[in-house]
Amino acid sequence: MLLWRNSPFCTSLLIPLMGSTRVYHYLVVYRYWERNDVKGAIGAMEKMADHAVVADVISIVADKIEIVTLDICTCLLPLLTNLLESDMDRHSSISVDMLLKLVRTFGSMIYSTLSASTSVGVDIEAEQRLERCNICFVELEKVKRCLLTLTRKGGSVAKHAQELNLALQEVS
């Protein structure tokens with residue numbers, strides 16, 4: 001219990017919210033996080049549809065970008081696309097920042113995998129990578145459609161949205 005109370009997840013998210021109805025959502029995500037089940041945590045957040053929880057957890061994941069694999073990226077992108085449509089600038093900003101990191105990390109691989117010719121024979125890993133890249137591509141196309149609206153908002157969100165747009169153009 002002492003380890004749990006001293007974890008960054010607990011101190012940054014849960015302790016300030018004790019007594020809030022949202023704390024249950026954080027606890028569910030934390031249970032997955034504690035087991036190093038990032039995909040489970042993402043799946044739980046998707047079911048919750050709570051932008052505040054998603055934004056808070058994404059801000060933690062953004063600081064630990066090395067845990068994000070292409071598989072996890074496929075799960076994160078729909079959440080991030082949805083978060084872009086939030087009325088709160090903080091949520092949109094967190095989403096754009098994370099999307100920028102993901103595009104810089106996986107963008108070239110996604111687009112080059114899709115443009116590569118298919119290999120002869122059975123290569124299960126290559127087929128799985130292609131499937132994941134297709135999922136990412138579809139979500140990134142949705143992101144592109146949201147960027148114009150974000151750039152019209154002005155402020156820091158617009159600036160980051162323009163930066164994301166340039167990063168997407170560079171890799172595609």
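Not measured: the values here are computed from a predicted model.

Conventions used here
Residues numbered from 1 in each chain as written. Predicted model: local features only at pLDDT ≥ 70, side-chain atom pairs only at ≥ 80, totals over all residues. Heavy atoms only, no water. Core = buried A, V, L, I, M, F, W, Y, C linked by side-chain atoms within 4.5 Å. Buried < 20%, exposed > 50% of the residue type's maximum accessible area, 1.4 Å probe, protein only. Helix = DSSP H or I, 4+ residues; strand = E, 2+ residues; numbered from the N terminus. Contact = heavy atoms within 4.5 Å. Expected span 1.5 Å × (residues − 1). Polar contact = N/O pair within 3.5 Å; in protein donor to acceptor, adjacent residues only side chain to side chain.

Trainee: Talk me through the nonpolar core; I want residue IDs and the actual numbers.
Mentor: If you look at the biggest cluster of nonpolar residues, it comprises 51 residues, and the most contacted ones within it are Val-68, Leu-76, Met-98, Leu-102 and Leu-164. Elements with a minimum of two residues in this core: α3 (23-34), α4 (38-48), α5 (51-63), α6 (70-84), α7 (89-115), α8 (124-153) and α9 (155-171). Here this core gets ten residues from one element, more than from any other, and that element is α7. Leaving out residues up to four positions away in the same chain, Leu-76 has contacts with Ile-42, Ile-58, Val-61, Val-68, Met-98 and Leu-102.

Trainee: How would you explain the environment of Arg-145 if you had to name every residue and give the values?
Mentor: Relative to the helices and strands, Arg-145 is located in helix α8. By relative accessible area, Arg-145 is classed as exposed at 59%. As a C-alpha pair, Arg-145 and Thr-81 span 64 residues in sequence and 10.0 Å in three-dimensional space.

Trainee: Residue-level account of α5, with values.
Mentor: Spanning 13 residues, α5 covers 18 Å between terminal C-alpha atoms, matching the ideal 18 Å at 1.5 Å per step. The element α5 is largely enclosed, with a buried count of ten among its 13 residues. Buried residues of α5: Ala-52, Val-53, Val-54, Ala-55, Asp-56, Val-57, Ile-58, Ile-60, Val-61 and Ala-62, and no others. Looking at where α5 begins, the residue whose side-chain oxygen comes 3.1 Å from the main-chain nitrogen of Ala-52 is Asp-50.

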